[in-house]
Amino acid sequence: MIISGLKTIKYGFSNRWLSAALAALLLTQISACGFQLRGSQAIGAMPFAQAQLELAPGVNALIADATASQLEQAGVELVQESAWVITLTATQVQVSQTSTNGLGDAASELIKMTQGYRVTQKTGSTDQPPAIKQAAVSASRDRRIDQNAMLAGDAELQQIKLDMADELAQKLVYRLSRSFAEPE
């Protein structure tokens, strides 16, 4: 029970003391958390300075562009012929209705994109087995559908696909770097 505004609390603690204690507790929790943001640590060293990026039929162009950009940011030069070949397989997109409105129209949907890939190292005249056999990364988004604003919904869908492509490319390059990282 608060007596006379915010000056004292039932047990005799002043607001100033209580505020200072809560701030100290919050500061301790935040500083002791010990987490690292995914993007804050450097990507592990890639085992190759150059690589060839191959696209199988059906690869989403946004994902292909984002992957090329992420690889270049990781210090990998993309060339036409290389001992290392990164192959992106066909992009899988699944859209499922998660709710309906009163008329039975879709009110929200879940979009899931999956991008498969493999890495092969060429040596001499024969290819070795893939360094990374078939693997995949995925991202998903849930979006509301407003039947009265279809034009805005299309723009939103394009932005969602762009964001998902960037996320998939980041995950793919991160996994590549971690796959070849030295065990700790």
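Residues numbered from 1 in each chain as written. Predicted model: local features only at pLDDT ≥ 70, side-chain atom pairs only at ≥ 80, totals over all residues. Heavy atoms only, no water.

## Quick notes on the environment of Ala83
Piece 1. Relative to the helices and strands, Ala83 is located in the loop between strand E4 (77–78) and strand E5 (84–88).
Piece 2. Through-space distance from the C-alpha of Ala83 to that of Gln121 is 5.5 Å; in sequence the pair is 38 residues apart.
Piece 3. Setting aside residues no more than four positions away along its own chain, Ala83 makes contact with Thr120, Gln121 and Lys122. (Helix = DSSP H or I, 4+ residues; strand = E, 2+ residues; numbered from the N terminus. Contact = heavy atoms within 4.5 Å.)

## A look at the nonpolar core
Across soluble globular proteins, nonpolar side chains show a tendency to be buried alongside one another.
Piece 1. Met46, Phe48, Leu71, Ile86, Tyr117 and Leu176 are the most contacted members of the largest nonpolar core, which totals 26 residues.
Piece 2. When contributions to this core are tallied by element, the ones reaching two or more residues are helix H2 (61–73), E5, strand E7 (106–123), strand E9 (132–144) and helix H3 (150–179).
Piece 3. Counting residues per element, this core draws most heavily on H3, which supplies 8 residues.
Piece 4. In this view, Phe48 contacts Val76, Trp84, Ile86 and Phe180; residues no more than four positions away in its chain are not counted. (Core = buried A, V, L, I, M, F, W, Y, C linked by side-chain atoms within 4.5 Å. Buried < 20%, exposed > 50% of the residue type's maximum accessible area, 1.4 Å probe, protein only.)

## Here we look at H2
Piece 1. For H2, which comprises 13 residues, the first-to-last C-alpha distance of 18 Å matches the rise-based estimate of 18 Å (1.5 Å per residue) to within 8%.
Piece 2. Within the sequence span of H2, burial applies to Ile63, Ala64, Ala66, Thr67, Ala68, Gln70 and Leu71.
Piece 3. By the N-cap criterion, in which a side-chain oxygen at the helix start approaches the backbone nitrogen of a residue two or three places on, H2 is capped by Asn60, the distance to Leu62 being 2.7 Å.
Piece 4. Positive backbone phi, at 95°, marks Gly75, one or two positions downstream of H2. (Expected span 1.5 Å × (residues − 1). Polar contact = N/O pair within 3.5 Å; in protein donor to acceptor, adjacent residues only side chain to side chain.)

## Re the pattern of salt bridges
Piece 1. Taken as a whole and judged by the stated rule, the model has 5 salt bridges.
Piece 2. Close ionic contact of Arg141 with Glu167 constitutes a salt bridge, the shortest N to O distance being 2.7 Å. One end of the pair, Arg141, is in strand E9; the other, Glu167, is in helix H3, and 26 residues separate them in sequence.
Piece 3. Residue classification places Arg141 among the partly exposed residues on the basis of a relative accessible area of 26%. (Salt bridge = Lys/Arg side-chain N within 4 Å of Asp/Glu carboxyl O.)

## Points about the pairing of strand E3 (residues 50–55)
Regular strands have side chains that alternate between both faces of the sheet.
Piece 1. As paired strands, E3 and E4 are joined by 2 bridges and run parallel to one another. Across the sheet, Ala51 pairs through a bridge with Leu78, a residue of E4.
Piece 2. Of the crossover connections in this fold, the one passing from E3 over H2 to the parallel E4 is right-handed.
Piece 3. Relative to E5, E3 runs parallel, the two sharing 4 bridges. Bridging from a neighbouring strand, Leu55 pairs with Leu88 of E5. (Pairing = 2+ DSSP bridges. Right-handed = clockwise from strand over helix to strand, strands pointing away.)

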